[in-house]
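Fold and geometry: a report
Here is how the chains run, residue by residue.
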Amino acid sequence: AQKVTQAQTEISVVEKEDVTLDCVYETRDTTYYLFWYKQPPSGELVFLIRRNSFDEQNEISGRYSWNFQKSTSSFNFTITASQVVDSAVYFCALSDPQTGANNLFFGTGTRLTVIP
Amino acid sequence: DVKVTQSSRYLVKRTGEKVFLECVQDMDHENMFWYRQDPGLGLRLIYFSYDVKMKEKGDIPEGYSVSREKKERFSLILESASTNQTSMYLCASRPPDWESTQYFGPGTRLTVL
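Just so it is clear, the model here is predicted, and its values are computed rather than measured. (Residues numbered from 1 in each chain as written. Chains lettered and ligands numbered in written order. Predicted model: local features only at pLDDT ≥ 70, side-chain atom pairs only at ≥ 80, totals over all residues. Heavy atoms only, no water.)

The next thing to look at is the nonpolar core. What tends to happen in soluble globular proteins is that the nonpolar side chains get buried as a cluster. If you look at the biggest cluster of nonpolar residues, it comprises 23 residues, and the most contacted ones within it are Trp 36, Phe 77, Tyr 90 and Leu 112 of chain A. Of all the secondary-structure elements, those providing two or more residues to this core are strand 2 (10–14), strand 3 (19–21), strand 5 (33–39), strand 8 (64–69), strand 9 (74–79), strand 10 (88–95) and strand 12 (110–115) of chain A. Counting residues per element, this core draws most heavily on strand 10 of chain A, which supplies four residues. Contact partners of Leu 112 of chain A, with chain neighbours within four places excluded, come to Ile 11, Val 13, Val 19, Ile 79, Asp 86, Ser 87, Ala 88 and Tyr 90 of chain A. Met 27, Ile 46, Tyr 47 and Ile 60 of chain B belong to the second-largest nonpolar core, a separate cluster that totals 21 residues. (Core = buried A, V, L, I, M, F, W, Y, C linked by side-chain atoms within 4.5 Å. Buried < 20%, exposed > 50% of the residue type's maximum accessible area, 1.4 Å probe, protein only. Helix = DSSP H or I, 4+ residues; strand = E, 2+ residues; numbered from the N terminus. Contact = heavy atoms within 4.5 Å.)

Structural data, given as structure tokens:
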């Protein structure tokens, strides 16, 4: 069965600190996609990244970076030099053939608070 | 620019009322979704639609129904609202290929008194 675990319910950091949000997933399929979404206080989920299961290269986008490790079934998200605008709830999600061509399976989210 | 809109940001209804939540997308996407978001539970799929007049139940369809008469519009209906349906409701759309990203609307925070 598919499962996405975000063990960190809430994290608080002081501005300019680095922070890593953990995501561990379970799936029986060899082909799948992983996603990260950001939900700011306004409520709308904003797409951050998609990674397919065959591409284990880490990705960096500005202050954001993602570490995908199939060996540990993890897809962790790091924010470098955090800013107050990074305060949001972050969701990791999984899409694979088992969920049908229909659905994303979400973790429970990690609420990040960046303290000025 | 991708756009998914929802009819209301905040809604307050009374127990037993029939409630309509509307979602419109302008990307010509085949697939549309309704999720419910609750603290500690993440997003849970209520219903989805892969074409006009087509619908499939998600993980928590009880107490809800949907309507998709036009490709761009997907409505969520609470036939008789109950207090346990107080929640944030998120609509999303996506192209037909399952690998694609889903695009979300701003959400409707529904309170049932």
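Moving on to the interface of chain B and chain A. Across the contact, 23 residues belong to chain B and 24 residues belong to chain A. Here chain B meets chain A over a buried area of about 1,800 Å², counting both sides, of which 56% is carbon and sulfur. There are zero salt bridges connecting chain B and chain A. Taken together, the connections running from chain B to chain A amount to three residue pairs in polar contact (both at pLDDT 80 or more). Those elements that provide at least two residues to the side of chain B that touches chain A are strand 4 (31–38), strand 5 (42–51) and strand 9 (87–94) of chain B. Broken down by class, the residue content of the side of chain B that touches chain A amounts to eleven nonpolar, eight polar and four charged. (Buried area = accessible area lost by both parts, 1.4 Å probe. Salt bridge = Lys/Arg side-chain N within 4 Å of Asp/Glu carboxyl O. Polar contact = N/O pair within 3.5 Å; in protein donor to acceptor, adjacent residues only side chain to side chain. Nonpolar A, V, L, I, M, F, W, Y, C, P; charged D, E, K, R; others polar.)

All names here are of chain B. All chains considered together, the criterion is met by ten salt bridges over all chains. As a salt-bridge pair, Lys 71 and Asp 28 come within 3.1 Å of each other at their nearest N and O atoms. Taken together, the positions of Lys 71 in the loop between strand 7 (64–70) and strand 8 (73–78) and Asp 28 in the loop between strand 3 (19–25) and strand 4 put the pair 43 residues apart, joining distant regions of the chain. Assessed through its relative accessible area of 52%, Asp 28 is described here as exposed.

A few words on the side chain of Gln 25 of chain B. Residues and elements named next belong to chain B. By secondary structure assignment, the location of Gln 25 is in strand 3. Among the polar contacts listed, one links the side chain of Gln 25 to the backbone nitrogen of Asp 28, at a separation of 3.1 Å. Within the local environment of Gln 25, its side chain forms a polar contact with the backbone oxygen of His 29, the two atoms lying 2.8 Å apart. Look past the residues within four positions of Gln 25 in its chain and what remains in contact with it is Lys 3, Val 4, Met 32, Arg 68, Lys 71, Glu 72 and Ser 93.

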